[in-house]
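Observations on the three-dimensional arrangement
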Amino acid sequence: MRIVICGAGQVGFGIAEKLAAEENDVSVIDTSPRLVGIIRDTLDVRGVVGYGSHPDVLSQAGAEDADMLIAVTQADEVNMVACQVAHTLFSVPTKIARVRAQSYLQPHYQDLFARDHLPIDVIISPEIEVGETVLRRMSLPGAVETVRFADGDVIVVGILCNEDCPVIDTPLRQLTELFPDLGAVVTGIFRNGRLFVPQSDDTVMVGDLVYVVARLDQVRRTLGIFGHDEPEARRVVIAGGGHIGAYVARELERRKPNVKVKIIEQSRQRAVEIADELRRTVILHGSALDQEILREADIEDSDVLVALTNDDQANIIAGVMAKTLGCKRNLSLINNASYPAFAHALGIDAYVNPRAVTISRVLRHVRRGRIRSVHSLQNGAAEVIEAEALETSSLVGRPIRDLDLPDGIRIGAIYRRKGAITPRGDTQIMAHDRVVIFALAERVRQVEQMFRVSLEFF
């Protein structure tokens, strides 16, 4: 697949890294010679210095033969014009753009991105994507990571196993015997810096981060089995009143009217702006690193501090300070790809990586086959993929125990006729089922192949 990426920042680099590793033909455009130099020296990609919206630059990057353009520069307007030029001059089939300004995304302006106007096939709004991820994490406080699949009926949760976890040293096959009706499957374990798909005789150990695919109605029971029965937050303090912080507060006001929300915002002008916008949220002007401000926010009586500033270090320190002062939990926004591995050791209960959220959204549209959704885990070490099984798929019509799936792949759930099924050995996948699969990075291509349309289909 030939792909042109406009923007060599954190998100652009992450997308290029993932796609180049899968042997796609990738070109990256950026106005910064330094960033282009880094990406050329680090990855097997073509680097072009210039504006992604300029026709000559796109031509130099190979837009004439491109299958897809992904525009993720810092400027919305550059991203939008790049898609327009790619469509009009180069007939690029698929165009994806990151658009931050919410003004462009108002429902009554939705025709703006129609094919006859600004022809963008996929709009990615980081603020909304990350804000929704934060809200999902808050709704399941016992989970380190949560992702929804199959119209929300299947949830993938990352669960940290502490010393008081009831199933420590229990072989996974015994979990099935102890909880035969549990609608959940352990699909992956992250241990000592390594992510793997466990076998039935493997045990859960202290410090493991376990990835479980569960039916929606079984998620809280699953968290309880692993020792996490924390109640949903009723008193929330948000550090940072930027676009993401304001979005989270606004949605909490709308969806959870009984939740009390306070925002700590360092910029006085921004504090005034969001105070005018929000109805029930209390706005405090100051720094979340100031203990007096935290106490003024009644942090000792709060259920969770959600740190959503643009500074990773400030988010981490604010989270640690909040817990020290009596807050029950914390959740931090962390952009630096190296920090999540140390998050728990640093005192962070849960985190959201905006880069990973955006990359996962893009990968959904890059994957071949009947792929409906994708989420990347542990900096790309694995993916959870939701795909539709066609009549010609090798998965259809045979018991799962007879499929002889390679190591590194585990089926977590099947979605059939608007209902989620927990797979067992005798379960058979039927045509048009949506299958949620956990796959290590080196097995993703094989998963794609399982769901591709063969010639027999036509």
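Going by the annotation in an unreviewed UniProt entry, the name recorded for the protein chain is Trk system potassium uptake protein TrkA, with Amorphus orientalis given as the source organism.

**Notes on the side chain of arginine 416**
Within the secondary structure layout, arginine 416 lies in strand β20 (residues 409-416). In this structure arginine 416 comes out as buried when scored by relative accessible area, which is 18%. Among the polar contacts made by the side chain of arginine 416, one reaches the main-chain carbonyl oxygen of glutamine 428 at a distance of 2.8 Å. Of note is the side chain of arginine 416, whose polar atom sits 2.7 Å from the side chain of aspartate 433. In this structure arginine 416 touches Ile421, Gln428, Ile429, Met430 and Asp433, once residues within four positions along its chain are discounted.

**Examining the sheet that holds strand β10 (residues 194-196)**
In spatial order, the strands read β7-β8-β11-β9-β10; together these five strands make up an open sheet with antiparallel pairing. Edge strands, defined here as strands with exactly one partner in the open sheet, are β7 (145-149) and β10. Direction aside, neighbouring strands of the sheet carry axes that sit 20 degrees apart on average. Bridging between strand β9 (residues 184-191) and β10 involves three bridges; their strand directions are antiparallel. Note on β10: the bridge partner recorded for arginine 191 is arginine 194.

**A word on the packing of aromatic side chains**
The geometry of an aromatic ring pair is captured by the separation of the ring centres together with the interplanar angle, meaning the angle of the planes. Per the stated rule, a full pass over the model turns up one aromatic pair. Geometrically, the ring pair formed by tyrosine 211 and phenylalanine 438 is tilted, given 6.3 Å between the ring centres and 35 degrees between the ring planes. In this pair, tyrosine 211 sits in strand β11 (residues 209-215) while phenylalanine 438 sits in strand β22 (residues 434-440), placing the two residues 227 residues apart along the sequence. Residue class for tyrosine 211 comes out buried when judged on its relative accessible area of 1%.

**What about helix α8 (residues 243-255)?**
In this model α8 runs 18 Å from its N-terminal to its C-terminal C-alpha over 13 residues, within 8% of the 18 Å that 1.5 Å per residue would give. Every buried residue belonging to α8 is among Ile244, Gly245, Ala246, Tyr247, Val248, Ala249, Glu251, Leu252 and Glu253, and all of these are buried.

**Some words on the UniProt feature "domain: RCK C-terminal" (unreviewed entry) in the protein chain**
The feature "domain: RCK C-terminal" (unreviewed entry), as annotated in UniProt, sits at residues 144-228 and 372-453 in this numbering. The span residues 144-228 carries 16% helix and 35% strand; its end-to-end C-alpha distance comes to 11 Å.

**A look at the environment of arginine 40**
For arginine 40, the position within the fold is in helix α2 (residues 33-42). As a C-alpha pair, arginine 40 and alanine 322 span 282 residues in sequence and 42 Å in three-dimensional space. Not counting the four nearest positions on each side in its chain, arginine 40 is found in contact with Gly47 and Val48.

**Here's the deal with the sheet that holds strand β13 (residues 260-265)**
In spatial order, the strands read β14-β13-β12-β15-β16-β17; together these six strands make up an open sheet with parallel pairing. At either margin of the open sheet sits one strand with a lone partner, and together these are β14 (282-285) and β17 (350-352). Taking the axes of each pair of neighbouring strands and ignoring which way they run, one obtains an average angle of 20 degrees across the sheet. Judged from the four bridges that link them, strand β12 (residues 235-239) and strand β15 (residues 304-307) form a sheet pairing that is parallel. Bridging from a neighbouring strand, alanine 239 pairs with alanine 307 of β15. The strands that helix α11 (residues 312-324) touches are β15 and β16 (329-333); relative to β16, the one it contacts most, it runs at about 175 degrees.

Reading guide: rules and limits
Residues numbered from 1 in each chain as written. Predicted model: local features only at pLDDT ≥ 70, side-chain atom pairs only at ≥ 80, totals over all residues. Heavy atoms only, no water. Helix = DSSP H or I, 4+ residues; strand = E, 2+ residues; numbered from the N terminus. Buried < 20%, exposed > 50% of the residue type's maximum accessible area, 1.4 Å probe, protein only. Polar contact = N/O pair within 3.5 Å; in protein donor to acceptor, adjacent residues only side chain to side chain. Contact = heavy atoms within 4.5 Å. Pairing = 2+ DSSP bridges. Axes fitted to C-alpha atoms, helices over the stretch in contact; angles between N-to-C directions. Phe/Tyr/Trp six-rings, centres within 6.5 Å; stacked < 30°, edge-to-face > 60°. Expected span 1.5 Å × (residues − 1). UniProt positions renumbered as here; feature names shortened; annotations may be inferred.

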